[in-house]
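Structural description and commentary
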Amino acid sequence: MEAIMALVVGALFGASVYMMLRRSIVKLVIGLILLSNAANLLIFTVSGLTRGAPPLIPEGMQMPDGAWADPLPQALILTAIVIGFGVLAFAVVLIHRAYEVVGEDDLDQMRSTDT
Amino acid sequence: MLIAVLSGFILAAFAPWLTRAFGDKAGWLLAILPASLFVYFASFIPAVSEQGAVVLEYSWIPGLDISLNMLVDGLSLLFALLISGIGTFIITYAGGYLRGHEYLPRFYGIMFSFMAAMLGLVLSNNLITLFVFWELTSITSFLLIGFNHEDKQARWCALQGLLVTVAGGLALLAGLVMIGITAGSFELSEVLAGGDVLRDNPLYTAIVLLVLAGCFTKSAQVPFHFWLPNAMAAPTPVSAFLHSATMVKAGVYLMARLNPGLGGTDLWLYLLGIVGALTMFTGSFMALRSTGIKAILAYTTIMALGTLTMLIGIGTEAAIIAAMTFLLAHALYKAALFMLAGAVDHETGTKNILKLGGLRGLMPITFLAACVAALSLAGLPPLFGFIAKELMFEATIGAPGIAFFVSLLALASAMMIAAMAAVFAIRPFTGELKETPKTPHEAPPSMLAGPVVLASLSLIFGLLGFIPAGAVVGSAVQAVYGSPLEVELYLWHGFNLPLLLSVLAIVGGVVLFLRWEQVLDTFSRMTFIDRFGPERGYEKSMDGLTWLAAWQTRTLQNGYLRTYLSVTVLTTVVLTLWAYFVRAGAPVHIGDLDFTFYELAVAGLVVVGAIVASVTSSRLGAVATLGMVGFGVALIYVLFSAPDLGITQIMVETLTVILLVLVLYRLPGFLKLSSPAARVRDAAIAGSLGVTMTLLILAVNGVTVVEPISDQLTAWSYPEAHGRNIVNVILVDFRALDTLGELFVVGLAGIGVYAMIRLRAEDKGQ
Amino acid sequence: MTSMGSLILRTTARFLLPLLLLFSVFILLRGHDEPGGGFIAGLIVSTAFALYLFAFDVARTRELMGADPRFLLGLGLLIATLSGIPPIFFGEPFFTGLWWPIDVPGFGEVKLSTPLIFDIGVYLVVFGAVMTIVLALAEAEE
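Since this is a predicted model, take the numbers as computed values, not measurements. Each chain has its residues counted from 1, running along the sequence as written. As they are written, the chains are lettered A onward and the ligands numbered 1 onward, keeping that order. Given that the model is predicted, a residue must reach a pLDDT of at least 70 before its local features are reported, and side-chain atom pairs must reach 80 or more before they are shown or counted; all residues, however, enter totals for whole chains, interfaces and linings. In computing side-chain properties, one takes all heavy atoms of the structure into account and sets aside hydrogens as well as water.

1. So, the overall build of chain C
Note on conventions: DSSP H or I runs of at least 4 residues are helices, E runs of at least 2 residues are strands, and numbering of each starts at the N terminus. Within chain C, the secondary structure is distributed over six helices and two strands. If you list the helices and strands of chain C from N to C, you get α-α-α-α-α-β-β-α. With the C-alpha coordinates of chain C rotated into their principal frame, the extents come out at 55 × 35 × 20 Å. Burial status across chain C gives 48% buried among its 142 residues. Residues are treated as being in contact if the distance between any of their heavy atoms lies within 4.5 Å. Counted over contacts in chain C with a minimum sequence separation of 6, partners at least 24 positions apart contribute 62%. The Shrake-Rupley method, run with a 1.4 Å probe sphere, supplies the accessible areas, and residue values consider only the shown protein chains as cover. Surface summary for chain C: the accessible area is close to 6,600 Å², and the carbon and sulfur share equals 70%. Only four residue types enter the tally: Lys and Arg on the positive side, Asp and Glu on the negative side; His and the chain ends are excluded. For charged residues, the charge sits on one atom: NZ in Lys, CZ in Arg, CG in Asp, CD in Glu. Positive and negative charge centroids in chain C, built from 7 and 12 side chains respectively, lie 9 Å apart. Per-residue accessibility, obtained with a 1.4 Å probe over protein chains only, is compared with the maximum for each type, and a residue is labelled buried under 20%, exposed over 50%, and partly exposed between these values.

Now the structure itself:
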């Protein structure tokens with residue numbers, strides 16, 4: 001299954017960068033969202049995929065039984081998802097503000113005003 | 001000992017406050033510290049004479065083999081005594097020279113920092129610690145040269161000094177690290193005791209070149225000498241202390257210090273011998289062309305630094321004895337001369353020697369001290385400078401291989417220096433009294449104490465050579481030479497070749513002095529020296545650097561987001577693929593290809609969603625497909641044993657939709673801005689990243705390089721942290737500090753959004 | 001939010017809000033043993049209030065929250081940071097977990113601990129930050 005997920009992650013990265021290379025600022029936002037998903041899935045996939053064995057310790061045990069999914073990448077991704085949302089909100093508002101100030105949503109036109 | 005070294009830094013913190021509290025008396029008060037340090041260091045003399053070296057240990061970063069160990073042997077003691085001794089006079093002198101100056105408190109602060117750094121440099125027994133102090137002296141020197149920071153010229157000179165010495169410092173660091181690795185220790189005492197380990201290593205040449213790059217820039221050797229005369233933009237006490245007696249000798253110190261470990265080879269001999277001799281000659285020649293009293297002294301300092309380098313390079317018994325004697329002699333007379341030059345400048349208002357004259361009657365003590373110090377500079381008996389010069393000639397005559405070359409340059413330099421010593425001591429004080437910007441009168445006692453004491457020492461040491469020989473010069477020679485030597489210093493060496501050369505030098509000097517104005521006239525017309533000197537090289541390279549920076553800013557940071565992104569993406573792709581194909585041999589681990597229908601369906605959903613989102617021309621379509629991607633990813637988390645991630649992703653996805661609804665619809669619709677060609681190009685860049693990432697995952701799939709720490713975390717989770725949800729335990733217990741940092745990021749994002757929106761509201765309000 | 005949501009939305013929001021609020025606290029407290037925790041609970045309560053915001057308006061939402069979300073954000077950061085300090089008094093490093101199990105009759109053992117306090121801080125920060133963003137945007141809209 002990891003091989004299939006590798007293709008999914010590749011597609012997400014490709015789509016996100018393609019969107020971020022567009023000149024329309026709205027597409028930049030969409031690219032950011034895709035990028036965040038792509039990065040999280042990348043970490044998730046390379047740490048190995050396990051079916052039906054969440055990193056939870058059953059009642060009355062000291063350790064999970066049998067195989068279990070690696071908890072550490074999950075912890076990292078969990079915060080990454082939340083931070084990703086915070087950063088996305090910040091970026092969206094920043095872009096919106098830039099649009100208001102410059103009155104232009106073509107990124108190529110924005111460069112002349114940043115001095 | 002540690003307190004003694006670092007006391008300068010401590011006092012530096014309080015010096016500004018003390019200066020304000022005590023006003024004009026502060027100079028005398030603050031001088032108590034260097035004076036007591038001098039006494040403290042002097043108390044080491046008996047121990048060092050007997051044992052050769054004392055090592056005092058203080059650990060700092062033991063994990064990296066970095067310590068604050070102090071090595072007190074003859075060499076470091078000689079330097080420590082010079083720094084604290086001359087420092088005492090400089091501090092009192094500065095009180096008079098900069099009396100009432102607006103920035104005097106700041107001056108004392110930097111000056112004490114410098115002194116502490118310099119002491120740390122010469123006393124450190126650890127290569128890394130030594131380097132840290134080395135750089136601290138460069139930085140404090142920068143601040144002191146640029147002390148008159150409102151003067152553009154001063155700032156320029158300060159920057160030049162900093163760039164030259166710090167560039168060398170970088171090379172030095174590389175050299176020191178290589179020494180540490182080669183010798184297996186960063187402790188100087190162990191490195192130097194290692195014998196031929198360094199000399200026999202294949203890295204030896206690289207080490208020598210790198211270390212010398214640091215030493216030559218710091219000690220103003222040709223062709224890096226140009227920064228030193230410019231450093232005279234500093235107030236005179238600084239010039240006297242840093243740029244003649246102490247800091248510029250740091251390079252000399254390091255060469256002398258490493259001589260037992262690195263010296264004794266042909267490379268060392270020729271490099272140091274020839275560069276040193278050329279520096280000596282250049283310094284003397286440029287001194288002859290100069291008319292500013294500080295410039296003359298700056299160039300004679302270059303001469304002295306060249307002489308020391310040359311002597312260390314020659315490395316014979318006679319040369320090392322000469323080097324240490326010359327070092328002491330030079331420090332004594334040059335500090336005195338600088339302080340006297342400052343006094344003349346301070347009282348008359350001009351530095352131009354051609355505009356000075358007849359000051360003898362008005363400044364008798366200055367005149368007398370100048371005569372004594374200048375005689376030592378010129379190398380006349382019975383001054384200490386004479387002994388040093390005799391020893392120098394003896395060493396150059398005995399130099400292996402390059403004796404004729406260095407002796408000739410030494411003789412020529414000695415003539416020119418003798419002439420300039422005479423110019424300095426005689427011209428401003430004799431003849432008619434000339435009109436000067438200020439009405440001259442004798443300098444205050446605070447400014448005369450130093451020169452008088454130091455000049456007297458030049459005389460006393462000359463007459464009674466056994467005092468310096470027995471106290472420190474002897475043990476310093478032992479430290480540099482590597483084994484004990486008998487050192488006796490006396491004036492009369494008998495009729496021999498060195499004496500003949502001395503006489504020749506004096507005669508030549510007198511001739512040059514008498515015809516100085518003609519000489520000056522001839523030389524000052526040789527403007528090509530200024531046009532083609534190494535300083536032009538410095539300026540050209542600085543211009544080149546500015547041009548390069550401008551060019552790369554224009555090219556890389558041109559304001560197009562797409563350029564930044566393309567460069568970043570392509571760099572990542574090229575480096576990763578290079579490593580993947582060339583270094584790793586293109587591994588592909590497909591692993592188990594088992595999947596269920598619904599897993600494949602979810603994966604397909606995400607891919608289709610991503611592709612549709614990037615080609616659709618409707619915003620609503622894009623947001624909807626984005627939601628599809630997001631929930632698809634959440635499903636993947638749930639399917640593969642990450643329930644926490646699944647829930648989080650679903651919640652965030654919901655909030656993202658709310659966010660997009662609130663903001664995105666106030667932005668304009670999609671525009672078709674790019675040409676088809678641009679789209680193909682961007683698709684290629686984006687595609688290359690996608691392929692790279694896929695290959696990356698396939699390369700590492702199932703590969704375990706080191707045992708994951710999560711096994712340990714899992715084992716601890718319930719017994720230690722009382723939690724069954726290991727993910728949560730990691731977040732709030734094992735990695736709580738990390739999570740705290742992330743909370744601050746989330747908080748900042750929230751506050752940032754709030755601020756941006758509020759800012760706009762206020763703009764509108766106005 | 002110039003116009004208020006439909007009657008169905010308003011009724012649903014009014015009905016769901018207390019339930020989601022309770023649910024988020026449940027998720028927060030059980031997070032140490034079952035899926036959940038401060039991050040998830042914070043997101044749930046934020047979503048609940050966002051729903052309420054869509055159904056009603058900013059003023060009502062603020063009134064219902066009782067405190068400014070920025071205050072909650074700061075409070076959360078403060079609580080999270082302070083939860084690391086107690087172990088210092090016991091000679092342990094910053095952020096070492098401390099546990100005070102209390103036996104509540106009829107309920108079982110309640111594990112009061114510094115990680116739990118930290119998780120409450122997480123909950124408040126996420127809640128405060130998200131609501132700061134959402135309310136600020138909604139206000140700008142009005």
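2. Examining the overall build of chain A
From N to C terminus, chain A includes four helices and zero strands. Shown N-terminal to C-terminal, the secondary structure of chain A runs as helices and strands in the order α-α-α-α. Computation of the radius of gyration draws on C-alpha atoms, with the globule rule given as 2.2 Å multiplied by the number of residues to the power 0.38. Computed over C-alpha atoms, the radius of gyration of chain A comes to 19 Å, more than 25% over the 13 Å expected from 2.2 N^0.38 for 115 residues, which places it beyond the range of a compact globule. Every one of the 115 residues in chain A was classed for burial, and the buried ones make up 61%. Of the contacts made within chain A by residues no fewer than 6 positions apart, 58% connect residues no fewer than 24 positions apart. Total accessible area on chain A stands at roughly 3,900 Å², and carbon and sulfur atoms take up 61% of it. Each charge sign in chain A was given a centre, from 6 positive and 10 negative side chains, and these centres are 11 Å apart.

3. Regarding the packing of aromatic side chains
Residues and elements named next belong to chain C. The aromatic pairing rule takes the rings of Phe, Tyr and Trp, using the six-membered ring of Trp, and pairs them if the centres are within 6.5 Å, calling planes under 30 degrees apart stacked, those over 60 edge-to-face and the rest tilted. Scanning the entire structure with this criterion turns up 23 aromatic pairs over all chains. Measuring from centroid to centroid gives 4.6 Å for Y52 and F56, while their planes differ by 35 degrees, and the two rings are tilted. Assessed through its relative accessible area of 1%, F56 is described here as buried. With a centroid separation of 5.4 Å and an interplanar angle of 85 degrees, the aromatic rings of F95 and F118 are classed as edge-to-face.

4. With respect to the interface of chain A and chain B
On the side of chain B, 96 residues touch chain A, which itself brings 88 residues to the contact. Both faces combined, the contact of chain A with chain B buries some 8,300 Å², and carbon together with sulfur accounts for 74% of it. Ranking the residues of chain A by area buried against chain B places M1, L21 and R97 of chain A at the top, with a combined share of 8%. Criterion for a salt bridge: a side-chain nitrogen of Lys or Arg within 4 Å of a carboxyl oxygen of Asp or Glu. Ionic pairing is found between D594 of chain B and R51 of chain A, a salt bridge with its closest N-O pair at 3.2 Å. Nitrogen and oxygen atoms within 3.5 Å of one another constitute a polar contact, given that in protein one can donate a hydrogen and the other can accept it, and given that sequence-neighbouring residues count only through two side-chain atoms. For the pair chain A and chain B, the number of links is 15 residue pairs in polar contact (both at pLDDT 80 or more). A 1.4 Å probe defines the accessible area here, and the buried area is the portion of it lost by two parts on being joined, summed over both.

5. Remarks on the pattern of salt bridges
All names here are of chain B. Evaluated as defined, the whole model comprises 15 salt bridges over all chains. For the salt bridge of K351 with D345, the shortest nitrogen-to-oxygen distance reads 3.4 Å. A salt bridge links E517 to R427; the nearest nitrogen and oxygen atoms lie 2.7 Å apart. With E517 in helix α23 (residues 516-524) and R427 in the loop between α19 (403-426) and α20 (445-463), this pair connects stretches of sequence that are 90 residues apart.

6. Considerations on the pairing of strand β4 (residues 70-73) of chain B
All names here are of chain B. Residues of β4 alternate between two faces, with M70 and V72 on one and L71 and D73 on the opposite face, all of them buried. In this description, strands pair whenever DSSP reports at least two bridges between them. Summarising the sheet, strand β1 (residues 53-56) and β4 pair through four bridges and their orientation is antiparallel. Bridge pairing in β4 links A53 to D73.

7. Topic: unusual backbone geometry
Looking along the chain, the bond that leaves V222 of chain B and enters P223 of chain B is cis, with omega of 0 degrees. Structurally, the position occupied by P223 of chain B is in the loop between α10 (204-218) and α11 (227-230). In this structure, P382 of chain B follows P381 of chain B across a cis peptide bond, with omega equal to 5 degrees. Mapped onto the elements of the fold, P382 of chain B is located in the loop between α17 (364-378) and α18 (384-397). Positive phi outside glycine occurs at S641 of chain B, with the angle close to 65 degrees. For S641 of chain B, the position within the fold is in the loop between α28 (619-639) and α29 (643-663). Even without being glycine, F95 of chain C reaches a positive phi, approximately 70 degrees.

8. A few points about the interface of chain C and chain A
Interface size is often expressed as the accessible area that is lost when the parts come together. The interface is formed by nine residues belonging to chain C together with seven residues belonging to chain A. Of the roughly 650 Å² buried at the junction of chain C and chain A (both faces included), carbon and sulfur atoms supply 92%. Seen at the junction of chain C and chain A, the total is zero salt bridges. The dominant element in the side of chain C that touches chain A, judged by the number of residues it contributes, is helix α6 (residues 114-141) of chain C, at four residues. Residue polarity is assigned by list, with Asp, Glu, Lys and Arg as charged and Ala, Val, Leu, Ile, Met, Phe, Trp, Tyr, Cys and Pro as nonpolar; anything else, Gly included, falls into the polar class. Its residues assigned to classes, the side of chain C that touches chain A comprises seven nonpolar, no polar and two charged.

9. Comments concerning a nonpolar patch on the surface
Each patch is assembled from residues with relative accessible area greater than 30% and no salt bridge, linking like charges that lie within 9 Å and nonpolar side chains (Val, Leu, Ile, Met, Phe, Trp, Tyr) that lie within 5 Å. A cluster of nonpolar side chains, namely L737 of chain B together with L78, L82, I85, I88, F89, F90 and F94 of chain C, defines an oily patch on the protein surface of about 830 Å² accessible area. Elements with a minimum of two residues in the nonpolar patch: α4 (69-82) and α5 (86-89) of chain C. Note that L737 of chain B resides in helix α33 (residues 736-765). With relative accessibility at 52%, the residue L737 of chain B sits in the exposed group.

10. Focus on α29 of chain B
Given a rise of 1.5 Å per residue, 21 residues ought to cover 30 Å, and the 30 Å separating the end C-alpha atoms of α29 of chain B matches this to within 8%. Within α29 of chain B, 15 of the 21 residues are buried, which leaves it mostly tucked inside the rest of the structure. Here a helix's expected span is defined as the number of its residues, less one, multiplied by 1.5 Å.

11. Focus on the environment of G621 of chain B
Relative to the helices and strands, G621 of chain B resides in helix α28. Put simply, G621 of chain B and G609 of chain B are twelve residues apart on the chain and 9.9 Å apart in space, counted from C-alpha to C-alpha.

12. Section: the nonpolar core
Judged by nonpolar contacts, the single largest core of 210 residues is most densely connected at F107, F112, I179 and M324 of chain B. Considering every element that reaches this core, the biggest residue donor is helix α16 (residues 317-348) of chain B, with 22 residues. Of all hydrophobic cores here, the second largest spans 128 residues; its members include V26 of chain A, V569 and L743 of chain B together with L28 of chain C. Only buried residues count toward a nonpolar core. Its members are Ala, Val, Leu, Ile, Met, Phe, Trp, Tyr and Cys residues joined through side-chain atoms within 4.5 Å.

13. A few points about the packing of helix α13 (residues 249-262) of chain B against α16 of chain B
Residue and element names in this part refer to chain B. Between α13 and α16, the least distance of the axes is 13 Å, while the angle of their chain directions is 155 degrees. Our classification of the angle between α13 and α16 gives roughly antiparallel. For the pair α13 and α16, the sense of crossing is left-handed. Touching K249, A256 and N259 of α13 are I320, M324, L327, H330 and A331, all from α16. Per-class residue counts for the contact of α13 with α16 are five nonpolar, two polar and one charged. What counts as an axis is a line fitted to C-alpha atoms, over the stretch in contact for a helix, and the angles between N-to-C directions run from 0 to 180 degrees. For this classification, under 35 degrees means roughly parallel, over 145 means roughly antiparallel, 65 to 115 means roughly perpendicular, and everything else is oblique. Crossings are assigned a handedness: left-handed for a near helix turned anticlockwise from the far helix by less than a right angle, right-handed for a clockwise turn.

14. Comments concerning the environment of S83 of chain C
All names here are of chain C. Along the polypeptide, S83 turns up in the loop between α4 and α5. In the structure, S83 is positioned 73 residues away from R10 in sequence and 39 Å away in space, judged by C-alpha atoms. Excluding residues that lie within four positions of it along the chain, S83 makes contacts with F95, T114, I117 and F118. A distance of 2.8 Å separates a polar side-chain atom of S83 from the backbone oxygen of A80.

15. Considering the packing of helix α1 (residues 2-22) of chain B against helix α6 (residues 104-123) of chain B
Residues and elements named next belong to chain B. Interaxial distance between α1 and α6 falls to 8 Å at its minimum, and their mutual angle equals 175 degrees. Between α1 and α6, the crossing angle belongs to the class labelled roughly antiparallel. Contact residues: α1 offers A4, V5, G8, F9, L11, A12, A15, P16, T19 and R20, while α6 offers L104, P105, Y108, G109, F112, S113, A116, A117, L119, G120 and L123. Class assignment of the residues belonging to the contact of α1 with α6 gives a composition of 15 nonpolar, five polar and one charged.

16. Digging into the confidence of the model for chain C
What pLDDT reports is the predictor's confidence in each residue, on a scale of 0 through 100. Looking at chain C as a whole, its pLDDT mean stands at 86, while 92% of the residues score no less than 70. Across chain C, α4 of chain C holds the top mean pLDDT of 93, while strand β2 (residues 108-113) of chain C sits lowest at 74.

17. Observations regarding the confidence of the model for chain A
Here chain A averages 86 in pLDDT, and 90% of its residues register 70 or above. The least confident element of chain A is helix α4 (residues 107-110) of chain A, whose mean pLDDT is 68; the most confident is helix α1 (residues 2-20) of chain A, at 93.

18. A word on the environment of L740 of chain B
Inspection of the secondary structure assignment puts L740 of chain B in helix α33. If near-sequence neighbours (up to four positions away) are discounted, L740 of chain B is found in contact with A80, T81, F95 and F118 of chain C.

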